[in-house]
Each structure stands twice: as C-alpha cells, then as structure tokens.
Amino acid sequence: MGIAELLKQVDGSGEFGVWLGRLDGTPVFEYEAERPHYSASTMKLPVAMAMMRKVEAGELALEQPVTVHNDFASAGSGRFGVNPDEDEAPATWDAMGTPVPLTWLATEMITRSSNLATDLVLEQVGVPAAHAALTEATLPTSSSPASKIERGIDDMPARAAGISNLMSPAGLAGVLVAVGNQAGPSGAYLRDLLAGNQWNGEIPALLPPGTRVEHKNGWDTRIRHDGGIVRPADADPFVLVVCTTSDLPDPEAQKLIASIALEAWNHRHDLEAVR
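Definitions and limits used
Residues numbered from 1 in each chain as written. Predicted model: local features only at pLDDT ≥ 70, side-chain atom pairs only at ≥ 80, totals over all residues. Heavy atoms only, no water. Core = buried A, V, L, I, M, F, W, Y, C linked by side-chain atoms within 4.5 Å. Buried < 20%, exposed > 50% of the residue type's maximum accessible area, 1.4 Å probe, protein only. Helix = DSSP H or I, 4+ residues; strand = E, 2+ residues; numbered from the N terminus. Salt bridge = Lys/Arg side-chain N within 4 Å of Asp/Glu carboxyl O. Expected span 1.5 Å × (residues − 1). Contact = heavy atoms within 4.5 Å. Pairing = 2+ DSSP bridges. Axes fitted to C-alpha atoms, helices over the stretch in contact; angles between N-to-C directions. Phe/Tyr/Trp six-rings, centres within 6.5 Å; stacked < 30°, edge-to-face > 60°.

Draft legend 1. Highlighting the nonpolar core. One finds Trp19, Met51, Val121, Leu176 and Val239 to be the most contacted residues of the largest nonpolar core, which totals 54 residues. Residue assignment for this core shows that the elements contributing at least two residues are α2 (44-56), α4 (102-111), α5 (115-125), α6 (127-135), α8 (169-181), α9 (184-195) and β11 (238-246). One finds Phe16, Ile203, Phe238 and Leu256 within the second-largest nonpolar core, a separate group that totals 25 residues.

Draft legend 2. Spotlight on the pattern of salt bridges. Using the criterion set out here, one finds 13 salt bridges in the structure. Two residues, Arg212 and Asp192, come together in a salt bridge whose shortest N-O distance is 2.9 Å. Pair noted here: Arg212 is in strand β9 (residues 212-220) and Asp192 is in helix α9, with a separation of 20 residues, a long-range link. On the accessibility criterion, Arg212 (35% relative accessible area) is partly exposed.

Draft legend 3. Region of interest: α9. An ideal rise of 1.5 Å per residue puts 16 Å on 12 residues; α9 measures up with 17 Å between its terminal C-alpha atoms. Of all the residues in α9, the buried ones are Ser186, Gly187, Tyr189, Leu190, Arg191, Leu193 and Leu194. Buried residues in α9 make contact with α2, α4, α8, β9 and β10 (223-231).

Draft legend 4. Quick peek at the environment of Thr98. Topologically, Thr98 is positioned in the loop between α3 (90-94) and β7 (99-101). When near neighbours in sequence (up to four residues on either side) are disregarded, Thr98 contacts Val66, Thr67 and Val68.

Draft legend 5. Main features of the sheet that holds strand β1 (residues 14-22). Strand order in the open sheet made by the five strands is β2-β1-β11-β10-β9, with antiparallel pairing throughout. In this open sheet, the two strands that pair with only one neighbour each are β2 (27-31) and β9. Across the sheet, the mean angle separating the axes of adjacent strands is 5° when strand polarity is ignored. Direction of pairing for β1 relative to β2: antiparallel, over a ladder of four bridges. Note on β2: the bridge partner recorded for Trp19 is Glu30. Along the sheet face, α8 touches β1, β9, β10 and β11 and points at about 150° away from the line of β11.

Draft legend 6. Spatial organisation of the packing of aromatic side chains. Inspection of the entire model under this criterion finds two aromatic pairs. Taking 5.6 Å as the distance between ring centres and 35° as the angle between the ring planes, the aromatic pair formed by Phe72 and Phe80 counts as tilted. Each member of the pair, Phe72 as well as Phe80, is classed as buried. Measuring from centroid to centroid gives 5.5 Å for Trp199 and Trp219, while their planes differ by 65°, and the two rings are edge-to-face.

Draft legend 7. Highlighting the pairing of β11. The buried fraction of β11 is high, at nine of nine residues. Alternating residues of β11 divide into Phe238, Leu240, Val242, Thr244 and Ser246 and Val239, Val241, Cys243 and Thr245, and every residue in both groups is buried. Here β1 pairs with β11 via nine bridges, running antiparallel. From the neighbouring strand, Trp19 faces β11, where its bridge partner is Val241. As paired strands, β10 and β11 are joined by eight bridges and run antiparallel to one another. Along β11, the bridge assignment pairs Asp226 with Val242. From the end of β10 to the start of β11, which pair antiparallel, there are six residues.

Draft legend 8. How the structure looks around the pairing of β9. Pairing of β9 with β10, which is carried by nine bridges, proceeds in the antiparallel orientation. Looking at the pairing, Glu214 lines up with Ile229 of β10. Between β9 and the antiparallel strand that follows it, β10, lie two residues; Arg222 among them carries a positive phi value of about 70°.

Draft legend 9. Spatial organisation of unusual backbone geometry. A positive phi angle is found at Ser113, which is not glycine, with a value near 60°. Relative to the helices and strands, Ser113 is located in the loop between α4 and α5. Despite not being glycine, Arg222 shows a phi value in the positive range, around 70°. Topologically, Arg222 is positioned in the loop between β9 and β10. With a relative accessible area of 41%, Arg222 lands in the partly exposed category.

So this is what it looks like as structure tokens:
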C-alpha cells in the first residue's frame, strides 16, 4: 500500500504531513510538508544543534556541570516549572539539586526525551540560538517555512500568551539533513544521540532489527511525530518525517508512521517510485 493510500485511509481524522527524501535534501514525496504542527519534543533536536554550536565556539563545554533544578524564566512573564507527571524520563528528576555534566543532560533530552533536561539545556543555550539552528537549516525547496522555537517545554505563561513551538515536516527534514551532513565530531555526536533514541514505536518499529535510525520523535495530546535518517546497509540513506495532529488513538498514529516508514524502506533502492 502506497503512502498516499495510507494517508487516504485516515482522511478526515486530523492533519497529517510527510516529507521523504534524500540526505542531500532532495524531496521525493511530500504531503502537506509545509503545514506546521505543534512541535512537541521534535524541538529538542535544534536545541542540541545549538548546544553543539556553542561548544564549538568555546561558549559551552560538554563536561561543564549544570545543577538540576525546576525553576525557569518564562518566555512570556514570570517563571515556570516542568510538570513531573508528564515527563517520562525519571533519571533527571532523580538528580534534582545535584550538578551533572551538560552532555548527560543532552543525552537524557534526546534518548529519553526528558522535558526537564531539555529546559536545563535550553537555559544554557538560549531560545534564540535554538530557533536560529532550526531556521538556518531550512531546505532550499521550502516555500513558506513556518517552524519556530519560542519557548521551553511546559512554559505555561508563554503558552497562555500565544507563544509556542511549531514544526512542519519540511522544517524537521531540514535539521535532519543538516545533522546528517555535518562533518566533524559535532555531527557524529548529534547523530549518535539520535541513534540512541530509546522511544522506537514509530519509524523504526517495522524496519529490520538492527537498522540504524537516527531519529527524534514527539508526542502530546493528539500529537504524534517522528523524523529520522534511515541508513539501510544495502542502499543510500534517506530522510523521513511524519507529523500527525489527529483524533487517531495514539497506537494507530504510531502504526501509521511505522507503515509509512516501511513503505519508504521497501522502495529504498528506488525512492522515486514511492507513491
């Protein structure tokens, strides 16, 4: 079943977007790829990219200590804290009040999708730097880029003021293409973080075991996204992003993304044949 047919089966149940293409940024299949969705945790990849830019510039160090806390300046007004009941990565919370290396927080942010670790890294990096990492990776083929990073996770005062984080399939594809082609230790570091993702219920789920997938997903109420670089052993790597904002039960949204990834995989030797 082709990707278009898979999307047709969920027509009317929400908003869906797909970007599939080559690691050089050339798209081969797009569906509503410029439509922005609430980013959920996909914004954590540009945060990590911005962190590594500051490490390269000597402004941050991977081994520098950061004391774990849960009190942050809002992008709106006042201050906010992360809701522990909505954070599925307990290790950062267990370290509350103690100093941990920045690189440890980055690992928790990407591989476990820790919300608290994300806001701690973002506090070091700054929202403008994370937004710049996202926008500067915009693909040349993007006609109306709408992705943006404006606040941290669980910044409720900012949310109430209409300040949010948005991600389109093409926007996430752009940062994946940038990371996938980034030379040197920083690029290798980021790709290894993505390959270490422990939440694998979407793009990797139906692929052959052991397939390297460098991906970052995100989820929230009505939200399920995943974007990654898939590296087959017998074909060129490809980039796939699927964003869903829908009324689908969450397992069905995950299955949709996994099925789209399998269809791309089955055409890995001839991506242009994807329909």
